[in-house]
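# Fold and geometry: a report
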Amino acid sequence: MRIHALIVAAGSGIRAGGGVPKQYRAVAGQPLLRHAVLRLLNHPAISGVTVVINANCLALYNQAVAGLGLPAPVCGGATRQESVAAGLEALAGDPPEIVLVHDAARAFVPDTVIDAVIAAFADAAVDGACPALPQIDSLRSGEAGRYSGSIDRGNLWRVQTPQAFRYPALLAAHRAAAANEGESAATDDVAIALAAGLCVAITPGDERAFKVTEASDFAKAQGMTAYSSRAASGFDVHRFGPGDHVWLCGIKVAHDAGLIGHSDADAGLHALTDALLGTIAAGDIGDHFPPTDERWRGAASDQFLAHAAYLVRERGGLIDHVDVTLICERPKVGPHRVAMRGRIAAILGLDVSRVSVKATTTEKLGFTGRQEGIAAQAMASVRLPESVS
Ligand code: CTP
Ligand code: MG
């Protein structure tokens, strides 16, 4: 069963406000549309995703889905119904068996909702399936500030997306609806399907599949973002050479030797930069700042650390805690520890309580014991949004 997903994202998001259409606004560091695409793209039963957009938003679209390898987007219409119809027509050349039509604005739909609409097709009598939640609040009619009657909520449903259909049936239903002049305002595809006499199953919805609609929904979406924890380590060594100071954890420390390196040789910040890069599997400091590059000669290492933090946050990541251990006999780190923690906290934009700096000697053993150089190791723990890839 080949299943293709169509994400409609051609709306202008008027109710959400905010300058750009809501599907291009960031939640947890990523455009809402990217979250929606990743949800469907990562589902094992879905073979491909096509997005329907407003032609004016092509640049925003390209930015939002960069690197995901999606097919060319389809231009939508003035209403959701027209946008879905355009998407369905675009699939006609290579028709899937099942099409899932999904709102970009329901970016956090869980897999269980997708599983259920797909499972509904085990019943051969079913032409389509739509997730829904029962209506739990009492429903009353009323006007001019007074209630006038009651509505039985027992058979009322709050429908969500993705709505799944046998592709030929939905395409025919949309074509029939389009032929009915003046009827282009269906707010979902169940309406189109029912008008065409199709059989649509009710499957379990989920509050997490809510539609970002009003400005306040962005905070709700942010709160619903699931994070997974990552931790990574870093290690660095620099050799002593001539000089009268060393840079350690961003602090200039007077010493009877200097540290040799292409940059300022701050082993503490280098180890920590590698730890942060490790949390996002983004290579190491040498990949980002090659020692062969003249730009980094004598460079202050705070910019390396700041760049690693930027890369974590660009992915919507939150830095929870960092911990550096400096390994040397001298200089003594203790008197500088407060300044070092403060400096790292400032570079990373963290509260100082999330920054730890420790030091140890190696009991005069090894190269650090012989005072030939300084070693540093670091740990960083971050949280990354689940949908980041
Ligand atoms: N949509 C679409 N084409 C349209 C109108 C809507 O593809 N002409 C899409 C939206 O991008 C959204 C989904 O249909 O993903 C549901 O619509 P809605 O939540 O109403 O979004 P907007 O129409 O963008 O928002 P608003 O109604 O507040 O302007
Ligand atoms: Mg709308």
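Up top is the structure.
Summarised in this report is the structure supplied together with it. (Residues numbered from 1 in each chain as written. Chains lettered and ligands numbered in written order. Predicted model: local features only at pLDDT ≥ 70, side-chain atom pairs only at ≥ 80, totals over all residues. Heavy atoms only, no water.)

## Here we look at the site of ligand 1
- Near ligand 1, the surroundings consist of 19 residues, among which V8, G13, I14, S83 and K211 are the closest.
- At 2.8 Å, a backbone N or O of R15 approaches an oxygen atom of ligand 1.
- For ligand 1, a nitrogen atom lies 3.3 Å from a polar atom in the backbone of A78.
- In isolation ligand 1 has 560 Å² of accessible area, and contact with the protein removes 87% of it.
- Elements represented by at least two residues in the shell around ligand 1 include exactly strand 1 (3–9) and helix 3 (80–90). (Near = heavy atom within 4 Å. Polar contact = N/O pair within 3.5 Å; in protein donor to acceptor, adjacent residues only side chain to side chain. Areas by Shrake-Rupley, 256 points an atom, 1.4 Å probe, with all protein chains shown as cover. Helix = DSSP H or I, 4+ residues; strand = E, 2+ residues; numbered from the N terminus.)

## A look at the environment of A5
- The topology assignment puts A5 in strand 1.
- For the pair A5 and H102, spaced 97 residues apart in sequence, the C-alpha to C-alpha distance is 7.3 Å.
- Residues in contact with A5, not counting those within four places in the same chain, are L40, I46, G48, V49, T50 and L100. (Contact = heavy atoms within 4.5 Å.)

## Observations concerning the pairing of strand 8 (residues 139–143)
- Pairing of strand 8 with strand 9 (residues 146–151) involves 5 bridges; the strand directions are antiparallel. The residue bridging S141 from the neighbouring strand is G149, located in strand 9.
- Linking strand 8 to strand 9, which pair antiparallel, is a turn of 2 residues; within it A144 sits at a positive phi near 50°. (Pairing = 2+ DSSP bridges.)

## A short note on the side chain of T368
- Take T368: it is sitting in helix 12 (residues 366–369).
- For T368, a relative accessible area of 5% gives the class buried.
- One polar contact links T368 to T362, side chain to side chain, over a distance of 2.7 Å.
- Once residues within four sequence positions are removed from consideration, T368 is found in contact with I327, E329, T362, G373, I374 and A375. (Buried < 20%, exposed > 50% of the residue type's maximum accessible area, 1.4 Å probe, protein only.)

## A look at the nonpolar core
- Ranked by internal contacts, the top residues of the largest apolar core, which has 45 residues, are I7, L33, V37, V49, V51 and L100.
- For this core, the secondary structure elements donating two or more residues are strand 1, helix 1 (32–41), strand 4 (48–53), helix 2 (58–64), strand 6 (98–103), helix 4 (111–119) and helix 7 (217–224).
- No other element matches the 6 residues that helix 1 contributes to this core.
- Setting aside anything within four residues of it in sequence, one finds I7 in contact with L33, A36, V37, L40, V49, T50, V51, V52, H102, D103 and A104.
- Listed in part, the 43 residues of the second largest apolar core include F240, L272, I344 and V357. (Core = buried A, V, L, I, M, F, W, Y, C linked by side-chain atoms within 4.5 Å.)

## Some points on the packing of helix 3 against helix 5 (residues 167–179)
- Interhelical geometry of helix 3 versus helix 5 gives an angle of 130° and a closest axis separation of 10 Å. For the element pair helix 3 / helix 5, the angle class is oblique. Of the two possible hands of crossing, helix 3 and helix 5 adopt the one that is left-handed. Here helix 3 contributes Q81, V84, A85, L88 and E89 to the contact with helix 5, which in turn contributes Y167, L170, L171, H174, R175, A177 and A178.
- Along the lines of polarity and charge, the residues of the contact of helix 3 with helix 5 split into 8 nonpolar, 2 polar and 2 charged. (Axes fitted to C-alpha atoms, helices over the stretch in contact; angles between N-to-C directions. Parallel < 35°, antiparallel > 145°, perpendicular 65-115°, else oblique. Left-handed = near helix turned anticlockwise from the far one by under 90°. Nonpolar A, V, L, I, M, F, W, Y, C, P; charged D, E, K, R; others polar.)

## Observations concerning the environment of T225
- Tracing the backbone shows T225 in the loop between helix 7 and strand 13 (227–241).
- Excluding its chain neighbours within four sequence positions, the residues that come into contact with T225 are V27, A28, F108 and P385.

## Some details on the packing of helix 8 (residues 267–279) against helix 10 (residues 302–314)
- Where helix 8 meets helix 10, the closest approach of the two axes is 9 Å, and the angle between their N-to-C directions is 15°. Taken together, helix 8 and helix 10 sit at an angle that is classed as roughly parallel. For the pair helix 8 and helix 10, the sense of crossing is left-handed. For the pair formed by helix 8 and helix 10, the contact residues are L269, H270, L272, T273, L276, L277 and T279 on the first element and D302, F304, L305, A308, A309, L311 and V312 on the second.
- Taken together, the residues that form the contact of helix 8 with helix 10 break down as 10 nonpolar, 3 polar and 1 charged.

## Some words on unusual backbone geometry
- The amide bond that connects T161 to the next residue, P162, takes the cis arrangement and shows omega of 10°.
- Position of P162 among the secondary structure elements: in the loop between strand 10 (157–159) and strand 11 (163–166).
- R330 connects to P331 through a cis peptide bond whose omega is 0°.
- Residue position: P331 is located in the loop between strand 17 (318–327) and helix 11 (337–348).
- For A28, which is not a glycine, the phi torsion comes out positive at approximately 50°.
- If you trace the backbone, A28 turns up in the loop between strand 2 (26–27) and strand 3 (30–31).
- Exposure remark for A28: the relative accessible area of 5% places this residue in the buried category.
- The backbone of E363 sits at a positive phi, close to 55°, despite the residue not being glycine.
- By the secondary structure assignment, E363 is in the loop between strand 18 (355–360) and helix 12.
- Judged by relative accessible area, which is 63%, E363 ranks as exposed.

Function cannot be inferred from these measures alone, as they are strictly geometric.
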